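If you want the building blocks of each chain, they are given just below.
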Amino acid sequence: MGMTMTQKILADHAGLDKVVAGQLIKAKLDMVLGNDITTPVAVNEFKKIGVDKVFDVNKIAIVPDHFTPNKDIKSAEQVKYIREFAKEKGIVNFFEVGQMGVEHALLPEKGLVVPGDVVIGADSHTCTYGALGAFSTGIGSTDMAAGMATGEAWFKVPEAIKFVLKGKPGKWVGGKDVILHIIGMIGVDGALYRSMEFTGDGVSHLSMDDRFAMANMAIEAGGKNGIFEVDEKTIEYVKEHSTKPYKVYKADDDAEYVATYEIDLSQVKPTVAFPHLPSNTRTIDNVGDVKIDQVVIGSCTNGRIEDLRVASEVLKGRKVHEDVRCIIIPATQKIWKQAMSEGLFDIFIDAGAAVSTPTCGPCLGGHMGILAKGERAVATTNRNFVGRMGHPESEIYLAGPAIAAASAVLGKIGSPEEI
Amino acid sequence: MKAQGKAIKYGDNVDTDVIIPARYLNTSDPNELAKHCMEDIDTEFVSKVQKGDIMVGGKNFGCGSSREHAPIAIKASGISCVIAETFARIFYRNSINIGLPIIECPEAAMDISDGDTVSIDFDTGKIVNVTKNKEYVGVPFPEFMQEIIAADGLIGYIKKQQGNKEA
Ligand code: SF4
């Protein structure tokens with residue numbers, strides 16, 4: 001019996017010829033990631049281990065992105081603590097305000113993750129890098145501390161679910177719609193403990209930004225990781241962004257999957273997840289009349305340049321509805337600059353939207369757009385749990401950038417076709 | 001190791017955003033976190049929880065973010081163990097790493113009612129519902145996790161290994 005993509009990567013990093021699902025292994029790490037919420041706890045734990053040095057100053061990335069630029073004194077203290085730790089240990093990849101971005105948009109852009117890598121991150125959306133054909137998964141602060149000290153982590157080799165993508169997505173359908181469609185189909189625990197492997201001819205019709213958005217939300221189906229087969233687009237992206245050596249892993253023909261789903265991308269419609277679970281999906285033609293107060297376009301799911309281009313296409317020459325606040329947050333400094341030079345900010349500002357410096361901000365109810373009691377937001381983020389963006393009685397509707405921008409204009413959830 | 005306490009029961013998909021909302025994550029102090037544990041789905045939790053109580057959830061307990069603050073807040077609030085039908089994997093891993101005992105047992109998770117007195121034997125995985133006079137058997141930890149628990153969490157385990165290397 002053969003191995004899946006994930007199993008092959010894990011086997012190689014464990015120094016084994018073969019692994020099987022359920023096996024416990026110790027794997028070498030190519031990157032260990034943390035942010036301003038999880039790293040302070042990891043630093044405390046690291047100190048308890050009693051080692052002086054981190055395993056490799058180049059293989060740790062610390063990105064203060066959640067409550068930065070610091071929203072209050074406590075957040076400032078947290079970042080100060082990890083900044084000092086990074087300095088003391090000589091950690092190369094500490095990204096200060098001015099260079100930072102939302103971590104999962106930043107790492108691929110900086111070339112810090114390449115195909116075949118094993119990456120752990122003390123942030124659940126670390127699974128994003130599966131878009132590059134890497135094995136990456138979210139862990140907690142204690143695991144991060146252990147990873148920083150030893151350069152290794154324990155894993156249980158996961159079973160896998162295969163998603164065979166076919167056809168070409170229609171206008172206004174992006175990676176976000178495809179992954180919401182999948183989560184709606186299999187549920188928020190549909191891939192619990194498992195890897196989600198994306199393959200098939202349809203992959204070639206998805207841009208890297210589409211793939212990042214999809215791998216990003218594997219965790220929203222309970223997945224351990226989401227991973228795409230590497231193709232020319234991946235290699236092109238990697239060559240443009242990184243000088244690190246990479247390795248392409250392909251699943252064996254006789255690899256075992258616990259389930260296989262075929263998805264015809266041409267049939268996927270723009271999709272919205274209603275409160276309070278990402279699996280509570282409806283296609284855009286079934287959303288009904290939902291009035292909204294805020295739109296957020298950004299995050300590690302959909303704050304990339306293509307997302308901003310789609311939003312600008314919808315907002316061009318139009319106005320944000322008078323009852324809506326529209327907040328646009330480019331995910332990194334590079335994306336910010338690119339959007340600016342392409343003239344997207346003129347379109348956003350003329351439409352009456354606000355543009356922010358990179359931050360997670362409202363995605364986790366941190367700052368920069370918190371919801372009041374009873375308010376509703378359409379967000380291109382990835383979670384719509386109770387209280388995620390503010391008051392426990394506020395509501396979040398998850399969508400891609402096209403639907404989000406159209407909803408900002410309409411004052412209710414709708415599609416670009418309606419404006 | 002054993003625990004006994006009253007059950008406090010919740011449903012499926014209890015996520016880390018309701019266990020400890022992000023607005024309180026500008027600190028990592030366990031006692032501060034415990035003050036806001038569960039408040040978005042149960043405003044009474046903090047005032048009613050007694051030391052030793054047992055939290056019971058349905059499917060996919062602890063889904064969402066990787067914040068270790070979630071099991072830390074539950075542990076600091078006095079909960080001695082969480083029983084659920086299934087756990088989200090990062091939460092499961094984090095709980096073991098920080099020393100919050102958790103047990104997967106669909107039968108117990110479904111059958112136990114809010115307020116039942118429940119006792120758990122972690123060595124055998126046996127769960128007794130004292131109120132209903134019933135017994136259930138939970139999934140025992142895999143061996144390597146038992147080693148982590150025996151070393152009082154992942155940090156203790158790593159320390160031991162570092163020690164071995166030097167020896
Ligand atoms: S953008 Fe949102 S989901 Fe992504 S890392 Fe930041 S808080 Fe987490």
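Residues numbered from 1 in each chain as written. Chains lettered and ligands numbered in written order. Predicted model: local features only at pLDDT ≥ 70, side-chain atom pairs only at ≥ 80, totals over all residues. Heavy atoms only, no water.

Novice: Tell me about the UniProt feature "domain: Aconitase A/isopropylmalate dehydratase small subunit swivel" (unreviewed entry) in chain B, and name the residues and values.
Specialist: According to UniProt, the feature "domain: Aconitase A/isopropylmalate dehydratase small subunit swivel" (unreviewed entry) maps to residues 38-104 of chain B in the numbering used here. Annotated as 33% helix and 16% strand, the span residues 38-104 of chain B places its first and last C-alpha atoms 20 Å apart. (UniProt positions renumbered as here; feature names shortened; annotations may be inferred. Helix = DSSP H or I, 4+ residues; strand = E, 2+ residues; numbered from the N terminus.)

Novice: Explain the environment of Lys28 of chain A residue by residue, including any values.
Specialist: Residue and element names in this part refer to chain A. Locating Lys28 in the fold gives a position in strand E1 (residues 24-28). Note: C-alpha distance between Lys28 and Gly167 (139 residues apart in sequence) is 37 Å. The residues contacting Lys28, other than those within four sequence positions of it, are His13, Val118, Gly151 and Glu152. In terms of polar contacts, Lys28 uses its side chain to reach the side chain of Glu152, at 3.0 Å. (Contact = heavy atoms within 4.5 Å. Polar contact = N/O pair within 3.5 Å; in protein donor to acceptor, adjacent residues only side chain to side chain.)

Novice: I'd love a proper account of unusual backbone geometry, names of residues and values included.
Specialist: All names here are of chain A. In this chain, Thr68 is followed by Pro69 through a cis amide linkage whose omega measures -15°. Inspection of the secondary structure puts Pro69 in the loop between strand E3 (60-63) and helix H3 (73-89). Here the residue pair Pro275 and His276 is connected by a cis peptide bond, since its omega of -5° sits within 30 degrees of zero. Locating His276 in the fold gives a position in the loop between strand E12 (271-273) and strand E13 (281-283). Positioned with a positive phi, Tyr193 is a non-glycine residue whose angle comes to about 65°. With respect to the helices, strands and loops of the structure, Tyr193 is situated in the loop between helix H6 (175-186) and strand E9 (195-199). Residue classification places Tyr193 among the partly exposed positions, given a relative accessible area of 32%. (Buried < 20%, exposed > 50% of the residue type's maximum accessible area, 1.4 Å probe, protein only.)

Novice: Break down the packing of aromatic side chains for me, with residues and values.
Specialist: Residue and element names in this part refer to chain A. One pass over the full model with this rule turns up 13 aromatic pairs over all chains. Members of the aromatic cluster, connected to one another through ring pairs, are Phe163, Phe198, Phe228 and Tyr261. Between Lys171 and the ring centre of Trp172, over which it is positioned, the NZ or CZ distance is 4.4 Å. One residue, Arg282, lies across the ring of Phe274, its end atom 4.0 Å from the ring centre. (Phe/Tyr/Trp six-rings, centres within 6.5 Å; stacked < 30°, edge-to-face > 60°. Lys NZ or Arg CZ within 6 Å of the ring centre and 35° of its normal.)

Novice: Tell me about the interface of chain B and chain A, and please be specific about residues and values.
Specialist: Contact residues are listed per partner, giving 42 residues for chain B and 47 residues for chain A. With both chains or domains summed, chain B and chain A bury close to 3,700 Å², and 58% of this area falls on carbon and sulfur atoms. Sorting the residues of chain B by area buried against chain A places Asn26, Arg89 and Ile155 of chain B first, and these three jointly supply 20% of that buried surface. Summed over the shared surface of chain B and chain A, the result is 2 salt bridges. Between Arg93 of chain B and Asp143 of chain A there is a salt bridge, and its shortest N-O distance comes to 2.7 Å. The interface formed by chain B and chain A holds 21 residue pairs in polar contact (both at pLDDT 80 or more) in total. Of all the secondary-structure elements, those providing two or more residues to the side of chain B that touches chain A are helix H1 (16-19), helix H4 (69-76), helix H5 (89-98) and helix H8 (154-166) of chain B. (Buried area = accessible area lost by both parts, 1.4 Å probe. Salt bridge = Lys/Arg side-chain N within 4 Å of Asp/Glu carboxyl O.)

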